[in-house]
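Here is what each chain is made of, one letter per residue.
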Amino acid sequence: MCGIVAYLGEKEAYPILIEGLKRLEYRGYDSSGVALLDGDLAIYKKKGKVKELENHVASLDPNLKSTIGMAHTRWATHGKPDDLNAHPHKSGNGRLAIIHNGIIENYNTLKKALESRGHTFESETDTEVLIHLIEEVQEQKKLPLAEAVRLALNQVVGAYAIVVMDKNHPDQLVGAKLSSPLVFGIADDEYFLASDATPIIKYTNKVIYLEDGEVISLNKNGDYDIRNLANKRQDHEVLEIDLQMDEIEKGGYPHYMLKEIYQQPVTVAESMRGRVNASEGWAVLGGMSEHINRIAKSDRIILTACGTSWVAAMIAEYLFEDLARIPTEVEYASEFRYRNPIIRENDFIVALSQSGETADTLAAIKHAKSKGALIYGLVNVVGSSIARETHCGSYIHAGPEIGVASTKAFTSQLTVLTLMALYLGHHKGLIPENYFRKLLAELESIPNKIAKILKKDDQIKYIAGEIRNASNALYLGRGYNFPVALEGALKLKEISYIHAEGYPAAEMKHGPIALIDMYMPVIVLATNKSAYEKIFSNIQEVKARKGIVIAIVTEGDTMIKEVADFIIEIPETEEPLTPLLSVIPLQLLAYHIAVMRGCHVDQPRNLAKSVTVE
Ligand code: G6P
């Protein structure tokens, strides 16, 4: 939620900041702004995407020579998205500027107190309140900027990653973080602060991930000082990250989402690399092995996540109960955190998050940790907050996912969840050896089977054209395919703005059937394993009410072909692995419909990829 990037070095800051903002646009894109210091403090802000800001700045033809600057792309929390509420914000005396990702929860109390002392505000944001508070502390006590920032933050409740610049100190940036990410990049004679490493890696792979409650003061000569909120100096190791430029570019595809859908044969293989060997008959996860005895004895597994990661958790409930026979519950992180859940020391908590930064998920695991449970993270972004907050875990190794609607991270999560269930079930002696080896071999064949489904893209695009004008859509599935129906519906509504719902197929008769008419596309996951006959009956029920049936079936299916309007065949697999295949046509269907409707596929309205507010 909101992306921030700041630069201090020898080059012109403006183009570096604009390029950085474009990399961070996935975090929010309702308005953006940039602050530069070249004698004066110049701030340019514009409602809309970063391109609008660029056009605005170009139309002013200003002096852009500054070698220090900072920029922000916003996802509005306090105050509507407009030019005034866009960041950076200035202090009342015009000397300081701030960019901020997060929420200042006690901003109203702080604002009233500041107003009573004569401060006036231009915007509706919590961020402007914070910079006035920093200004007040700095002026009252005649403090260096970093010290004023630290003392002001001691009065703040909420979440923040901030960068502050001072007109009187054009060689210095001050940053701080709590619950929102901030990465410090160190190149030769140039330094960066950013929400993630993507704006930085073109210049350096040397970074420090700041910890919660840390304030960094950074000088042009390369000196930096990191302290916690209690003013204790903090030492950090400089890490070398492994991220390449081509991983964060579109690589010839029109959208990141399409690139990421097409990457799945490779990313799913990456997720299982070194973790499974069917011919030798083993599956192991390094993150689990150290705790395997404790995990195997768990009374309960609780999976917690948001969005698409929550859907992956739903599939894991089927996997863990089916293969490892441990009672499993799935919790929306936002609800889990705030409903006083019963968590015991022998519960095993698994947090799933592509970004590793989702605020609700982070809060949920902090709460569960305080109750003594073992916390496992299934995260994509290396070094992210959730990865660092958990006791143990596995990276899913999907590579950077930039399209806001999650695709390849979902199938990578499913791959690692399947490995977890197999490892656990096998360790407990619950999976017959033959079946275990069969599942491992099947898992290894999934990348090729996904590649085969991707070859049906033209057919899926044709079907997309037939239903693109629908106002509603229903997705139905049973068993392992029920959560896939949820994911199909989520993808469609996220990017095409068609209202869509996923339902267990048998539940259709308890409500959604009332909606079915000749305009209603019903996407049915009808692969050939359990409950095939029952789902066949559900299709008949839809057809009897003139609904348009698009069925995802197993290759060679003859029965459903007779009744469905459209079918998409997918290769046969073992039932627990079905979601890894059945979700692929649904991703492509949503993608093509959204493109045909002229929607902004990679940056759907009102959404953000990394939701760092609760
Ligand atoms: C946002 C994104 C979704 C994502 C969800 C959870 O809503 O738009 O695509 O599934 O956050 O994000 P996480 O990074 O925790 O998986």
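**So, the site of the ligand**
Working step 1: Close to the ligand lie 14 residues; Ser309, Ser353, Gln354, Ser355 and Thr358 are nearest.
Working step 2: Between Gln354 and the ligand, the recorded distance is 2.7 Å, taken from a backbone N or O atom to an oxygen atom.
Working step 3: Within the contact set of the ligand, an oxygen atom lies 3.1 Å away from a backbone nitrogen or oxygen of Val404.
Working step 4: For the ligand, whose unbound accessible area comes to 390 Å², protein coverage reaches 91%.
Working step 5: Structurally, the ligand is housed in the second largest pocket.
Working step 6: The element contributing the most residues to the shell around the ligand is helix 10 (residues 307–324), with 3 residues.
Working step 7: Looking at the shell around the ligand, its residues break down into 4 nonpolar, 8 polar and 2 charged.

**A closer look at the pairing of strand 10 (residues 190–194)**
For a regular strand, the rule is simple: side chains alternate between the two faces of the sheet.
Working step 1: Across the 5 residues that make up strand 10, a large majority, 5, are buried.
Working step 2: Inspection of the sheet shows strand 1 (residues 3–8) paired to strand 10 by 4 bridges, in the antiparallel sense. Each residue of the ladder has a partner; that of Tyr7, found in strand 10, is Phe192.
Working step 3: Pairing of strand 9 (residues 183–187) with strand 10, which is carried by 5 bridges, proceeds in the antiparallel orientation. By the bridge assignment, Ala187 is partnered in strand 10 with Glu190.
Working step 4: Where strand 9 hands over to strand 10, the hairpin turn is made up of 2 residues, of which Asp189 adopts a positive phi near 55 degrees.

**Remarks on the sheet that holds strand 23 (residues 499–504)**
Working step 1: Read across the sheet, 5 strands follow the order 23-22-24-25-26 without closing on themselves; strand pairing throughout is parallel. The open sheet is flanked by strand 23 and strand 26 (566–570), the only strands paired with a single partner. Averaged over all pairs of adjacent strands, the angle between their axes in this sheet comes to 15 degrees, without regard to strand direction.
Working step 2: Both strand 25 (residues 548–554) and strand 26 contribute to a ladder of 5 bridges, which runs parallel.

**Observations concerning the environment of Val553**
Working step 1: Along the chain, Val553 turns up in strand 25.
Working step 2: Looking at Val553, the relative accessible area reads 0%, which means it is buried.
Working step 3: Taking the C-alpha atoms as reference points, Val553 and Ile568, 15 residues apart in sequence, are found 6.1 Å from one another.
Working step 4: Other than its neighbours up to four places away in sequence, Val553 contacts Ala526, Thr527, Ile560, Ile567, Ile568, Glu569 and Ile570.

**Considerations on helix 16 (residues 457–467)**
Residues that lie three or four places apart on an α-helix share one face, since the helix turns once every 3.6 residues.
Working step 1: When we look at burial in helix 16, the residues that qualify are Asp457, Ile460, Ile463, Ala464 and Ile467. Angular distribution of buried residues about the axis of helix 16 spans 120 degrees; they occupy a single face of the element. Set apart from the buried face of helix 16 by more than 90 degrees, the exposed residues are Asp458 and Tyr462.
Working step 2: Looking at the packing, one finds that the buried side of helix 16 touches helix 6 (256–262), helix 15 (433–454), strand 24 (521–526), strand 25, strand 26 and helix 20 (578–596).

**Here's the deal with the packing of aromatic side chains**
Working step 1: Inspection of the entire model under this criterion finds 7 aromatic pairs.
Working step 2: When the centroid spacing of 5.6 Å and the interplanar angle of 45 degrees are considered together, the rings of Tyr318 and Tyr480 count as tilted. Within this pair, whereas Tyr318 is found in helix 10, its partner Tyr480 is found in the loop between strand 22 (472–477) and helix 17 (481–496), the two being separated by 162 residues in sequence.
Working step 3: We classify Tyr318 as partly exposed; its relative accessible area is 27%.
Working step 4: Classification of Tyr480 as buried rests on a relative accessible area of 6%.
Working step 5: Three or more aromatic residues joined by ring pairs form one cluster here, namely Tyr7, Phe192 and Tyr203.
Working step 6: Between the NZ or CZ atom of Arg605 and the centre of the ring of Tyr497, over which it lies, the distance is 3.8 Å.

**Side note on the nonpolar core**
Working step 1: The biggest cluster of nonpolar side chains holds 96 residues, and the ones touching the most others in it are Leu303, Leu417, Met420 and Tyr475.
Working step 2: Setting aside its immediate chain neighbours within four residues, Tyr475 contacts Ala485, Gly488, Ala489, Leu492, Ala500, Glu501, Gly502, Tyr503, Ile523, Leu586 and Leu589.
Working step 3: Within the second largest apolar cluster, 31 residues are counted, among which are Val34, Val183, Tyr209 and Ile248.

**A look at the pairing of strand 6 (residues 96–104)**
Working step 1: Where burial is concerned, most of strand 6 is hidden: 9 out of the 9 residues are buried.
Working step 2: Pairing of strand 5 (residues 89–90) with strand 6, which is carried by 2 bridges, proceeds in the antiparallel orientation. By the bridge assignment, His89 is partnered in strand 6 with Ile98.
Working step 3: With antiparallel pairing between neighbouring strands as the criterion, strand 5 and strand 6 make up a hairpin whose turn holds 5 residues, including Gly94 at a positive phi of roughly 75 degrees.

**Concerning the environment of Ile450**
Working step 1: Inspection of the secondary structure assignment puts Ile450 in helix 15.
Working step 2: Excluding anything up to four places from it in sequence, Ile450 contacts Gln264, Pro265, Val268, Leu580, Leu581 and Ile584.

Definitions and cut-offs
- Residues numbered from 1 in each chain as written.
- Predicted model: local features only at pLDDT ≥ 70, side-chain atom pairs only at ≥ 80, totals over all residues.
- Heavy atoms only, no water.
- Near = heavy atom within 4 Å.
- Polar contact = N/O pair within 3.5 Å; in protein donor to acceptor, adjacent residues only side chain to side chain.
- Areas by Shrake-Rupley, 256 points an atom, 1.4 Å probe, with all protein chains shown as cover.
- 1 Å grid on protein atoms, 1.4 Å probe; cavity = no way out; pocket = protein on both sides within 12 Å on 5 of 7 lines; lining within 4 Å.
- Sits in = over half its atoms within 2 Å of the grid points.
- Helix = DSSP H or I, 4+ residues; strand = E, 2+ residues; numbered from the N terminus.
- Nonpolar A, V, L, I, M, F, W, Y, C, P; charged D, E, K, R; others polar.
- Buried < 20%, exposed > 50% of the residue type's maximum accessible area, 1.4 Å probe, protein only.
- Pairing = 2+ DSSP bridges.
- Axes fitted to C-alpha atoms, helices over the stretch in contact; angles between N-to-C directions.
- Contact = heavy atoms within 4.5 Å.
- Arc of directions from axis to C-beta.
- Phe/Tyr/Trp six-rings, centres within 6.5 Å; stacked < 30°, edge-to-face > 60°.
- Lys NZ or Arg CZ within 6 Å of the ring centre and 35° of its normal.
- Core = buried A, V, L, I, M, F, W, Y, C linked by side-chain atoms within 4.5 Å.

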